[in-house]
Amino acid sequence: VCFVAKEIIEAIRRYNSRARKADAIRILLIEELELNKWTIQSLRSTLNVIATQMELNPQSQLFLKRDASGGVHFRYRRSDGGGGSAIPDVHRKHFDEFLPELAEVDKVLFEQARKGYERIGQLEHVRNSLVAYLAEDDPDEQCHLQGFPSYGLRVLDDVEKQMSAFYVICSGRPFEKARLR
């Protein structure tokens, strides 16, 4: 009788431990999704500005600037002024770290997280391609920027849709909050 009681108590303890671990991972993934929401919004804004500049001001200079801390910024110059914005990083540290563990503690959440993880790769591709095209000094190579804004915006819409579904599963709330830090 004591053995059975001890085993039942141990099983309950393990179950509670797995639930706490899944909740902790969920919280970290929510924070990372919110950071990536900021990245999506920033990239969307940058791609819209590039498309507008190329259409309305074909002589605009589009380029990349790196700051002292390694940050990357989009800039444009035209005859009457200019502007630009930061190009934030894509965040995937918690996905990289906890995705295998999540497979052990919550299979349903893992399946959704895996889909979200794939979209983070697409988000990273859009960001990295944008940086590469803007960093190119050769005007012939900058021609890749011509069609890139429409492509990038389509990919960002798909990424945000999938991340939104995963965010709702994790938090129970709509995917509206974006975090800068």
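Conventions adopted
For every chain, the first residue of the written sequence is number 1, and numbering continues from 1 along that sequence. Only residues with pLDDT of at least 70 are given local features in this predicted model, and only at 80 or more are side-chain atom pairs given and counted; all residues enter the totals for whole chains, interfaces and linings. Hydrogens and water are ignored here; the side-chain numbers use all heavy atoms of the structure. Per-residue confidence from the predictor is reported as pLDDT, a score between 0 and 100. Where helices and strands are cited, they refer to DSSP runs of H or I of at least four residues and of E of at least two residues respectively, numbered from the N terminus. In this analysis, strands are considered paired if DSSP registers two or more bridges between them. Fitted lines through C-alpha atoms give the axes, limited to the stretch in contact for helices. The angle between two N-to-C directions lies from 0 to 180 degrees. Should any heavy atoms of two residues lie within 4.5 Å, those residues are counted as being in contact. Buried, partly exposed and exposed residues are distinguished by accessible area as a fraction of the type maximum, computed with a 1.4 Å probe on protein chains only: under 20%, between the cut-offs, and over 50%, respectively. Each patch groups residues whose relative accessible area exceeds 30% and which form no salt bridge, using 9 Å between like charges and 5 Å between nonpolar side chains of Val, Leu, Ile, Met, Phe, Trp and Tyr. Note on areas: Shrake-Rupley with a 1.4 Å probe; residue coverage comes only from the protein chains shown. Between Lys or Arg on one side and Asp or Glu on the other, a salt bridge is scored when a side-chain nitrogen of the former is within 4 Å of a carboxyl oxygen of the latter. Here, expected helix span is obtained from the residue count minus one, scaled by 1.5 Å. The bend reported for a residue corresponds to the angle between axes fitted to the seven residues ending at that residue and the seven starting there.

1. Overview of the confidence of the model for the protein
- Across the protein, the average pLDDT comes to 89, with 98% of residues at or above 70.
- The secondary-structure element of the protein with the lowest mean pLDDT is helix H1 (residues 2-56), recorded at 88, while helix H4 (residues 148-171) shows the highest, at 95.

2. Considerations on the sheet that holds strand S2 (residues 72-78)
- Taken in spatial order, the three strands make up an open sheet running S1-S2-S3, and their pairing is antiparallel. Each edge of the open sheet carries a strand with a single partner, namely strand S1 (61-66) and strand S3 (81-87). Between one strand and the next, the sheet's axes are offset by a mean angle of 20°, whatever the strand orientation.
- Set on the sheet, H1 makes contact with S1, S2 and S3; between it and S2 the angle comes to about 20°.

3. Examining the side chain of glutamine 162
- Structurally, glutamine 162 can be placed in helix H4.
- You can call glutamine 162 buried: its relative accessible area is 15%.
- Non-local contacts of glutamine 162, meaning those with residues more than four positions away in its chain, are made with Gln112, Lys115, Gly116 and Arg119.

4. Side note on a nonpolar patch on the surface
- A cluster of nonpolar side chains, Phe3, Val4, Ile8 and Ile12, forms an exposed patch at the surface whose accessible area comes to about 420 Å².
- Residue phenylalanine 3 is classed as exposed on the basis of its relative accessible area, which comes to 60%.

5. Things to note about helix H2 (residues 93-105)
- Taking 1.5 Å per residue as the helical rise, H2 with its 13 residues ought to reach 18 Å, and the 19 Å between its terminal C-alpha atoms agrees with that figure.
- Maximal helix bending in H2 amounts to about 45°, located at leucine 99; proline proline 100 follows within four positions.
- Among the residues of H2, His94, Phe95, Phe98, Leu99, Leu102 and Val105 are the ones counted as buried.
- Buried residues along H2 sit against H1, helix H3 (107-135) and H4.

6. Details of the environment of aspartate 89
- Mapped onto the fold, aspartate 89 is located in the loop between S3 and H2.
- The exposure class of aspartate 89 is partly exposed, given its relative accessible area of 48%.
- Considered as a pair, aspartate 89 and leucine 123 are 34 residues apart in the sequence and their alpha carbons are 9.9 Å apart.
- Contacts of aspartate 89, omitting those with residues within four sequence positions, involve Thr39 and Arg127.

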